[in-house]
Amino acid sequence: MREQLKILEQLQTVDVELNEVKQALKLLPVKLESLKEDVSRVEVFLEKERQQLTEAQAYRAELEQTGKVQSDQLNKAKSKLTQIRTSKEYMATQRELESTRRTAMEREEELLKLMQAIEESEGKIAVHEEELNALKEHVAEEAHETEGKLKELSRKAKKMQTQRDSMTDGVSASLLRRYDVIQRRTGNAVVAARNGVCTGCNMLLLPQLFRILQAGMTVECCPSCQRIVYFEAEAEAEAEAE
């Protein structure tokens, strides 16, 4: 029985490392997917910026076209002034001319502000495009590196699984099942008993149970944490020597 417990202890060492490898195999693709999602978010944001720029440029063209119309109106109004005969008609045309000038000035101010905003937007978009390209390059490098790590970890996991399978040949099926259940629940199924204490939960063992463990004839579990517990003779010998 002591031999089987020793095998289980060695098996546990392999299982801990194997679980770490399996966890890495799960987490690496998740990390890469998160980076790809970052790229998608930046692309969506950049597309919105481009759309807003397109709309602003279209509005600028509209204002410029309106400016041409207003310029024609001003020229016609000025020409009309030279042909007016009555003061009443002159005053009406003059008011129309002043209104068109004010509207034209307001449009010019709006156009200047819009051109400034368009220039700033074009600058921001250029910066964000560079950042997006850099992020894409980073993700491509991460994808290549991740692919290599996954292949390496897969080979390691397969090798360790083979090693594990060969180790279990020396353990009874019932004991192995019990070990697997405890391992899945606690992550550490086999622990030593040192100086009458379970090292899994640090609880004091009953003297009768501790004597049974010292005999090493049966497989026993800690009453507190339910882990498989074995007597560690070397620790007891060191304690006696001290």
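Residues numbered from 1 in each chain as written. Predicted model: local features only at pLDDT ≥ 70, side-chain atom pairs only at ≥ 80, totals over all residues. Heavy atoms only, no water.

A. Local environment of the confidence of the model for the protein. The pLDDT averaged across the protein works out to 89; a share of 96% of its residues lies at or above 70. Taken element by element, the protein is modelled with least confidence in helix α5 (residues 233-241), mean pLDDT 51, and with most confidence in strand β2 (residues 197-198), mean pLDDT 94. Overall, residues 235-242 carries pLDDT values under 50, and its contacts beyond four positions in sequence, including any with other chains, amount to nine contacts. (pLDDT = per-residue confidence, 0-100. Helix = DSSP H or I, 4+ residues; strand = E, 2+ residues; numbered from the N terminus. Contact = heavy atoms within 4.5 Å.)

B. Fine view of the pairing of strand β1 (residues 190-194). Most of β1 sits out of view: four of its five residues are buried. The sheet contact formed by β1 and strand β4 (residues 228-231) spans four bridges and is parallel. The residue of β4 that forms the bridge with A193 is F231. Across two bridges, the pairing between β1 and β2 is antiparallel. By the bridge assignment for β2, A193 is matched with C198. Connecting β1 to the antiparallel partner β2 that follows it, the hairpin turn spans two residues, and N195 within it adopts a positive phi of roughly 55 degrees. (Buried < 20%, exposed > 50% of the residue type's maximum accessible area, 1.4 Å probe, protein only. Pairing = 2+ DSSP bridges.)

C. Main features of the nonpolar core. Counting residues in hydrophobic clusters, the biggest one holds 23 residues, and the most contacted among them are L8, Y179, V190 and I228. Elements that contribute at least two residues to this core include exactly α1 (2-81), α2 (87-167), α3 (173-186), β1 and β4. Apart from residues lying up to four places away in sequence, V190 is in contact with L8, Q12, Y179, I228 and Y230. Core analysis: the next-biggest nonpolar cluster, separate from the first, contains 13 residues, L46, A56, L132 and V139 among them. (Core = buried A, V, L, I, M, F, W, Y, C linked by side-chain atoms within 4.5 Å.)

D. Up close: the pairing of β4. Neither face of β4 is exposed, since I228 and Y230 on one face and V229 and F231 on the opposite face are all buried. One ladder, built from two bridges, connects strand β3 (residues 220-221) with β4; its direction is antiparallel. Of the residues in β4, the one forming a bridge with E220 is V229.

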